[in-house]
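Residues per chain are reported as follows:
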Amino acid sequence: MSQMDFGNSTALCDDRLRSMFEDGIDGWSVGAITVRVRYSRGADFSGTCFYADRRIYINLGRHLKFPYKLATNLAKVQVVRRGWRRPLVTIETRDGYELAMFIFMHELYHLLVKRARRNTRQKESMCDRFAARYLVDHFGAPIRDNNNHPIPRESWNFQDLDGFVAAARDKRRKVKAARTPLPPKTIVETGQQLLFSD
C-alpha cells in the first residue's frame, strides 16, 4: 500500500488536498511518495516528478483566478503540409483544488510509467489524458476546443492508459470508481471560486 509524505504551504486546505491525492493513487502501487504543494514564483502553475525518490512538486500561481482554463495536449496531432500541429483543447478547473489535482495526476502518471518500466520519453500527452480523465470522471470538468465548444470524449480519451501502466497497479486493490461530479453551482454558492489572493 502506498504511503504519502504530504506538505502544503498554500492557502488550500491540507486535509482536503491530501485526501484528494490519496484517492488519486488508490489502486496504484507507487510505494512511499512525497508530495509538496507550494506557490510558484510567477508562473500560473507547474509540476515536477523525481523518479529516484518518488517526489512530486506542485506549484500554483498565487495570482490565479477561477474558473481557470488550462491548455492541454489532449488532442490528436494533425499532419499539415510542413509538419504537424496539435489543436488547442482546454480543461476548465473550477478552483485551486481541481488545478492541483490535474497537476498531481499528470505527474503521477509519469511515475506510473516509470514504475511500469515503460519508456518515459514523450509521455506528456498521455499524462494530460490521464489527468483530464480523472477530472472529468470525478469532478465533471468541461473539456472544450479553441472555440469554447465542448468536444466528445472519444476525441481525446482514445488510449488504454491504465493498460499501458498495468504493471504499476496495486494487485491487492482495485481503482476506485468515479464519484458523481458536483454541480458547478455548488462551488459558486460556497464561495470557493476564488481561492488565491494577492
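Thresholds, definitions, all that
Residues numbered from 1 in each chain as written. Predicted model: local features only at pLDDT ≥ 70, side-chain atom pairs only at ≥ 80, totals over all residues. Heavy atoms only, no water. Pairing = 2+ DSSP bridges. Helix = DSSP H or I, 4+ residues; strand = E, 2+ residues; numbered from the N terminus. Axes fitted to C-alpha atoms, helices over the stretch in contact; angles between N-to-C directions. Contact = heavy atoms within 4.5 Å. Parallel < 35°, antiparallel > 145°, perpendicular 65-115°, else oblique. Left-handed = near helix turned anticlockwise from the far one by under 90°. Core = buried A, V, L, I, M, F, W, Y, C linked by side-chain atoms within 4.5 Å. Buried < 20%, exposed > 50% of the residue type's maximum accessible area, 1.4 Å probe, protein only. Phe/Tyr/Trp six-rings, centres within 6.5 Å; stacked < 30°, edge-to-face > 60°. Lys NZ or Arg CZ within 6 Å of the ring centre and 35° of its normal. Polar contact = N/O pair within 3.5 Å; in protein donor to acceptor, adjacent residues only side chain to side chain.

S.K.: Help me out: how do you make sense of the sheet that holds strand β5 (residues 68–72) in this one?
M.R.: What links the strands of a sheet is backbone hydrogen bonding, and the strands pair in either a parallel or an antiparallel sense. Strands sit in the order β5-β8-β9 across an open sheet of three strands; the sheet is antiparallel. Lying at the two open borders of the sheet, with one neighbouring strand each, are β5 and β9 (143–145). For this sheet, the mean angle separating the axes of adjacent strands, direction not counted, is 35°. Taken strand by strand, helix α3 (residues 124–139) contacts β5, β8 (89–93) and β9, and its axis lies near 45° from that of β8.

S.K.: Would you mind showing me how to read the packing of helix α2 (residues 96–115) against α3 here?
M.R.: Angle between the axes and distance between the axes: these two values describe a pair of packed helices. Look at α2 against α3: their axes get within 8 Å of each other, and the N-to-C directions meet at 135°. For the element pair α2 / α3, the angle class is oblique. Between α2 and α3 lies a crossing whose hand is right-handed. Between α2 and α3, the contacting residues are E98, M101, F102, M105, H106, L108, Y109, H110 and L112 on the first element and E124, M126, C127, D128, F130, A131, A132, Y134, L135 and F139 on the second.

S.K.: Please explain the nonpolar core as it appears in this structure.
M.R.: Considering soluble globular proteins, one finds that nonpolar side chains tend to be buried as a cluster. Counting 54 residues, the largest nonpolar core has F21, I58 and F104 as the members making the most contacts within it. Residue assignment for this core shows that the elements contributing at least two residues are β1 (3–8), α1 (14–25), β2 (32–39), β4 (55–60), β5, β8, α2 and α3. No other element matches α2, which puts 13 residues into this core. Non-local contacts of F104, meaning those with residues more than four positions away in its chain, are made with M4, F21, I25, V35, I56 and I58.

S.K.: It is not clear to me how the packing of aromatic side chains should be interpreted in this structure. Could you clarify?
M.R.: Any pair of aromatic rings gets described here by the distance separating the centres and the angle formed by the planes. Summed over all chains, the structure comprises eight aromatic pairs. The interplanar angle of 15° and the centroid separation of 4.3 Å between the aromatic rings of F21 and F104 together place this pair among those described as stacked. Linking F21 in helix α1 with F104 in helix α2, this pair joins segments that are 83 residues apart in sequence. With 4.6 Å between their ring centres and 35° between their planes, Y109 and F130 make a pair best called tilted. Here F130 lies in helix α3 and Y109 lies in helix α2, a separation of 21 residues in the sequence. Each member of the pair, Y109 as well as F130, carries the same accessibility label: buried. By the ring-pair criterion, three or more aromatic residues cluster together here, those being F6, F21 and F104. The ring of F50 carries the charged tip of R55 above its face, separated from the ring centre by 4.4 Å. The ring of Y39 is capped by R62, whose NZ or CZ atom sits 3.9 Å from the centre of that ring.

S.K.: How should I be thinking about the sheet that holds strand β3 (residues 45–50) in this particular structure?
M.R.: Strand order in this open sheet of four strands is β1-β2-β4-β3, and the pairing throughout is mixed. Of all the strands in the sheet, the pair left with one neighbour each is β1 and β3. Geometrically, the sheet is characterised by an average inter-axis angle of 10° between neighbouring strands, direction not taken into account. Sheet analysis places β2 next to β4, joined by six bridges and oriented parallel. Bridge pairing links R36 to Y57 in β4. Relative to the sheet, α1 contacts β1, β2 and β4, its axis offset from that of β1 by approximately 145°. Each of β1, β2, β3 and β4 is contacted by α2, which is oriented at about 150° to β4, the strand it contacts most.

S.K.: Which parts of the structure should I look at to understand the side chain of S40?
M.R.: With respect to the helices, strands and loops of the structure, S40 is situated in the loop between β2 and β3. Look at S40 and you get buried, because its relative accessible area is 17%. Looking at S40, its side chain comes within polar contact range of the main-chain nitrogen of G42, at 3.4 Å. From its side chain, S40 meets the backbone oxygen of A43 in a polar contact 2.5 Å long. Residues contacting S40, with those up to four places away along its chain left out, are N59, L60 and G61.

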